[in-house]
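Here are the chains, one letter per residue:
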Amino acid sequence: MASEIVEPVPLEDADTNCSTITANTINFLKKKECNAIIDSTILNESQEFSTHGKTIAAMPAYNEEKFIGKTVVGCKPYVDEVIVVNDGSTDATAMIATACGATVVYHEQNMGYGASIRTCFETAKKMQVAAMVILDADGQHDPLDIQQVLQPVLNNEADVCIGSRFLKNHTVKIPLYRKIGMKVLDFATNRGGDTKITDTQSGFRAYSANAINKIRIGNTGMAAGSEILLQIKDQGLKVKEVPITCRYDIEDTSTHNPVVHGMKVLASIVTEIEYKHPLFYIGLPGVILFCAGLVIGGVVINSYNTRGYVPFGPAILMVLLFMVGSLAIFSALNLHATTQLLKKMKSIQ
């Protein structure tokens, strides 16, 4: 994965009090409707490492020039450093993020949300941070919630803290179609990971150093969030949820069709589940199909004995069920053996 870290470069301008933004940059930001980020008192506020160690806020960003500045500056009071993964943006996302004091990590081309999250984790490992909070750069998440999402991790109450939109005493106006899709994905993720999380699709999360070192991300798409949660139990990580706010009145926050996006995420989750529990999710259906073939085989044999001929339709169905059932059972056994071998190899390492 091609990525490059670019540190923020302080700029000087006698006409402003901002040590990181020149007058020309401010004018540019104003044209981009980013007036809210120009606050010298926030930009000049010095950050010191907490007693828990260094903390960072990281965010994937793809063509987010309209909101990235406000998000970066909003994060700065609550963490020691802000990391922006510029995922092949073709607009001024990287320039604005750098001007606002963020450290920018570049992807040479757009690689997807999951790849950006993976870069966040890799960067956090290199920096040896005590905790990392990840949030969206599109303005939907409120940086004011960082403190409550990060606190359980810093207090060793959790390795992963999720900002939930569905906790009690906290209501969020989510479009009905989105809510239905989220509930389906929540059910699939909780089923596969043996967890009880109210908002598995939340992109606002905090991770401890322990979680950062143990979690492995292979999915390059939006299913990366569920992929992480499917590892929680296997890695022995503690998880907690806290309430957050989330805005849905912002235009152009996603480049994906929500229905297509949801189907892709669900397919990825099912694939992960099948990989983790092949005997149950592949082998059991295979046994059911094979038994169904036996039942229909009995009908075929009975018809031949009583009427003297083999019914063509049931006979074809019997053969098909035998073949599919046998293939599923064989595949489940092989996949189970492979996953067990991989687990042993990981334990040895």
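The structure we're discussing is the one just above.
The notes below deal with the structure included here. Since we're looking at a predicted model, the values are computed, not measured.

Reading guide: rules and limits
All chains use their own residue numbering, which begins from 1 and follows the written sequence. The model is predicted, so local features are restricted to residues of pLDDT at least 70 and side-chain atom pairs to those at 80 or more, both for listing and for counting; the totals for chains, interfaces and linings are taken over all residues. Only hydrogens and water are removed before side-chain values are computed, so all heavy atoms of the structure are retained for them. Each residue is placed in one exposure class: buried if its accessible area under a 1.4 Å probe, protein chains only, is under 20% of its type's maximum, exposed if it is over 50%, and partly exposed if it falls in between. Helix and strand assignments follow DSSP, with helices taken as H or I runs no shorter than four residues and strands as E runs no shorter than two, numbered in order from the N terminus. Ring geometry is summarised as follows: Phe, Tyr and Trp rings, the Trp one being its six-membered ring, pair when their centres sit within 6.5 Å, and such pairs are stacked at plane angles under 30 degrees, edge-to-face over 60 and tilted between the two. Working rule: Lys NZ or Arg CZ, within 6 Å of ring centre, within 35 degrees of ring normal, means a charge sits over the ring. Joining through side-chain atoms within 4.5 Å is the link that ties buried Ala, Val, Leu, Ile, Met, Phe, Trp, Tyr and Cys residues into a set, and such a set is a nonpolar core. Contacts: residue pairs with any heavy atoms within 4.5 Å of one another. The pairing criterion for strands is at least two bridges between them, as found by DSSP. By definition here, a salt bridge exists when the distance from a side-chain nitrogen of Lys or Arg to a carboxyl oxygen of Asp or Glu is within 4 Å.

## Some remarks on helix 3 (residues 68-75)
Side chains three or four residues apart in an α-helix point the same way, a direct result of the helix having 3.6 residues per turn.
Stage number 1. Summarising burial for helix 3: 6 of the 8 residues are buried, a large majority.
Stage number 2. Taken as a whole, helix 3 has its buried residues at I68, G69, T71, V72, V73 and C75.

## Side note on the packing of aromatic side chains
Stage number 1. Within the structure shown, the criterion is met by 2 aromatic pairs.
Stage number 2. Relative to Y207, the ring of F121 lies with its centre 4.9 Å away and its plane at 65°, an arrangement referred to as edge-to-face. With a gap of 86 residues between them, F121 in helix 5 (residues 113-127) and Y207 in strand 7 (residues 205-208) connect regions that are remote in the sequence.
Stage number 3. Ring centres of F290 and F322 lie 5.1 Å apart, and the angle between their planes is 55°; on these two criteria the pair is classed as tilted. Of this pair, F290 sits in helix 11 (residues 278-307) while F322 is found in helix 12 (residues 312-348), placing the two residues 32 residues apart along the sequence.
Stage number 4. Residue classification places F290 among the partly exposed positions, given a relative accessible area of 29%.
Stage number 5. Its guanidinium or amino end placed over the ring of F166, K183 lies 4.3 Å from that ring's centre, counting from NZ or CZ.

## Side note on the nonpolar core
Stage number 1. With 31 residues, the main nonpolar core has M59, I68, V72, V84, V133, V149 and L150 as its most contacted residues.
Stage number 2. Those elements that provide at least two residues to this core are strand 2 (55-61), helix 3, strand 3 (81-87), helix 4 (93-99), strand 5 (131-134) and helix 6 (146-154).
Stage number 3. Considering each element in turn, this core owes the most residues, 5 residues, to helix 6.
Stage number 4. Apart from the residues lying within four places of it in its own chain, the contact partners of V84 are M59, A61, I68, V72, A97, A102, T103, V104 and V105.

## Some points on the pairing of strand 6 (residues 160-164)
Stage number 1. With 5 of its 5 residues buried, strand 6 lies for the most part within the structure.
Stage number 2. Side chains V160, I162 and S164 project from strand 6 onto one buried face, and the interleaved C161 and G163 project onto a second face that is buried too.
Stage number 3. Pairing of strand 6 with strand 7 involves 3 bridges; the strand directions are antiparallel. Within strand 7, the residue paired with V160 across the bridge is Y207.
Stage number 4. Bridge analysis of strand 6 against strand 8 (residues 239-243) gives 5 bridges, and the strand direction is parallel. Within strand 8, the position partnered with V160 by the bridge is V239.

## Focus: the pattern of salt bridges
Stage number 1. Scanning the entire structure with this criterion turns up 3 salt bridges.
Stage number 2. Between E81 and K54 there is a salt bridge, with the nearest N and O atoms lying 2.6 Å from each other. Of this pair, E81 sits in strand 3 while K54 sits in the loop between helix 2 (40-43) and strand 2, and the two are 27 residues apart along the sequence.
Stage number 3. Residue E81 is classed as buried on the basis of its relative accessible area, which comes to 16%.
Stage number 4. Residue K54 is classed as buried on the basis of its relative accessible area of 17%.
Stage number 5. The closest approach of N and O atoms between E157 and K240, which form a salt bridge, is 2.8 Å. Pair noted here: E157 is in the loop between helix 6 and strand 6 and K240 is in strand 8, with a separation of 83 residues, a long-range link.
Stage number 6. Assessed through its relative accessible area of 33%, K240 is described here as partly exposed.

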